[in-house]
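Chains, contacts and geometry: an overview
As a plain string of letters, each chain reads:
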Amino acid sequence: MKTELACSIQGRDWWKPVLGYLILAFALQAVGGFLVSKAGMPQPLQSILEILGSTVIQAVFAIKVLRIFVPSVTYGQKQLAFSGQTGEYLRLHLRGLLLSMITLGIYGPWYITRVRAYLAACVSMEESAFSFLGKGGRLLKLILLSYVLPLAVVVGLFGSIVFGVAYNLMEMNTGVWILLSSVFIIALLVIISAFVYYINKWSIDYQWRDWRISLNLSLTPAMNMIMGQLLITLLSLGIYAPAAGLRLFRFFAANTQVLQESGQKRRIVFSGQIGHG
């Protein structure tokens, strides 16, 4: 049996909040530039004020758009509802932003987790709210082990070679240089692909009543798909990016599992087509 997850939102439903957001964002940039160039405000203070202003604008915009978008989504005959409040969401962001600044970014994963948990709890179907099951500590571990440390090693090794060549500490012909550059790019693609997989694995983890929504996908096929799409996007100088994004969305949706505690399974199929919409 096939149950359709559909969205009925149209451009006329949300162009006003988007336009309002763009106007406020440009106004914030203009005011920040004036404070530095004309009023003599120190650049660090201006940056902090811009971050706070952006946080307020984005919080108001996000809640406004979600109030429009979420109720337009139906699962069969069941309509989703959204109960998020601007004040609560803004306080959550300001607290997370402050703690992230104080801890030099270490609190960031818990900040992200709290935001996702809040938004999930504000979405409900048949008067039952969703819950996000991801943990901040696990996200921190994923960021460090699958991205920061591997990237530091690869960049450090390649940087030391570049330094050696630049200061005549070692010699390298054109062929070897091309080979090393290719290896460096491939290494970056591997790191990014693994990171995208682990982040999606962490992000797609929700509960609704006795149903668990999670990503049922292993690392190797995910990396093959992600690396392929990234490589094509790179070779096309970014032209392929929209198609790559759609193909990856379809890929992750197809590998998302909806499992009931009794053992009943359902799967998600994304029917969107490239070039449509």
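The structure contained in this document is the topic of the report that follows.

Calculation notes
Residues numbered from 1 in each chain as written. Predicted model: local features only at pLDDT ≥ 70, side-chain atom pairs only at ≥ 80, totals over all residues. Heavy atoms only, no water. Helix = DSSP H or I, 4+ residues; strand = E, 2+ residues; numbered from the N terminus. Contact = heavy atoms within 4.5 Å. Pairing = 2+ DSSP bridges. Axes fitted to C-alpha atoms, helices over the stretch in contact; angles between N-to-C directions. Buried < 20%, exposed > 50% of the residue type's maximum accessible area, 1.4 Å probe, protein only. Expected span 1.5 Å × (residues − 1). Bend = angle between axes of the 7 residues up to and from the residue. Phe/Tyr/Trp six-rings, centres within 6.5 Å; stacked < 30°, edge-to-face > 60°. Lys NZ or Arg CZ within 6 Å of the ring centre and 35° of its normal.

1. Observations regarding the side chain of glutamate 50
Here glutamate 50 shows up in helix α2 (residues 43-69). Apart from the residues within four sequence positions on either side, glutamate 50 is in contact with Leu28, Gln29 and Gly32.

2. Observations regarding the sheet that holds strand β9 (residues 265-267)
The strand order β1-β2-β3-β4-β5-β6-β7-β8-β9 describes an open sheet built from nine strands, whose pairing is antiparallel. Of all strands in the sheet, those bounded by a partner on one side alone are β1 (5-7) and β9. Here the average twist between neighbouring strands, direction ignored, is 25°. Pairing between strand β8 (residues 256-260) and β9: three bridges, direction antiparallel. What sits directly across from valine 258, in β9, is arginine 266. Across the sheet, helix α6 (residues 174-203) is in contact with β5 (128-132), β6 (205-208) and β7 (211-215); its angle to β6 comes to roughly 15°.

3. A short note on the pairing of β7
With four of five residues buried, β7 lies mostly within the body of the structure. Bridge count for β6 against β7 is four bridges, and the pairing is antiparallel. Its bridge partner lying in β7, glutamine 207 is registered against arginine 212. Count of turn residues in the β6/β7 antiparallel hairpin: two residues, of which arginine 209 carries a positive phi of about 55°.

4. Focus on the environment of serine 72
Residue placement: serine 72 occurs in the loop between α2 and β2 (73-75). What makes serine 72 buried here is its relative accessible area of 10%. Serine 72 sits 185 residues away from glutamine 257 along the chain, and the two C-alpha atoms are 23 Å apart. Among residues more than four places away in sequence, those in contact with serine 72 are Ala6, Cys7, Ser8 and Ile9.

5. A short note on helix α5 (residues 136-166)
Counted at 1.5 Å a residue, the expected span for α5 with its 31 residues is 45 Å, and the 42 Å between its end C-alpha atoms agrees. Taken as a whole, α5 carries its principal kink of about 35° at leucine 144. The complete set of buried residues in α5 reads Gly136, Leu139, Leu142, Ser146, Val154, Phe158 and Gly164. The elements touched by buried residues of α5 are α4 (108-122) and α6.

6. A short note on the packing of aromatic side chains
Here the structure, examined in full by the defined rule, presents nine aromatic pairs. When the ring of tyrosine 89 is compared with that of tyrosine 118, the centres are 5.9 Å apart and the planes differ by 25°; the resulting orientation is stacked. Of the two residues, tyrosine 89 is situated in helix α3 (residues 86-102) and tyrosine 118 in helix α4; the sequence distance between them amounts to 29 residues. Positioned over the ring face of phenylalanine 132 is arginine 116, at 5.3 Å from the centre of the ring.

Everything listed here is a matter of coordinates, which is why it stays silent on function.
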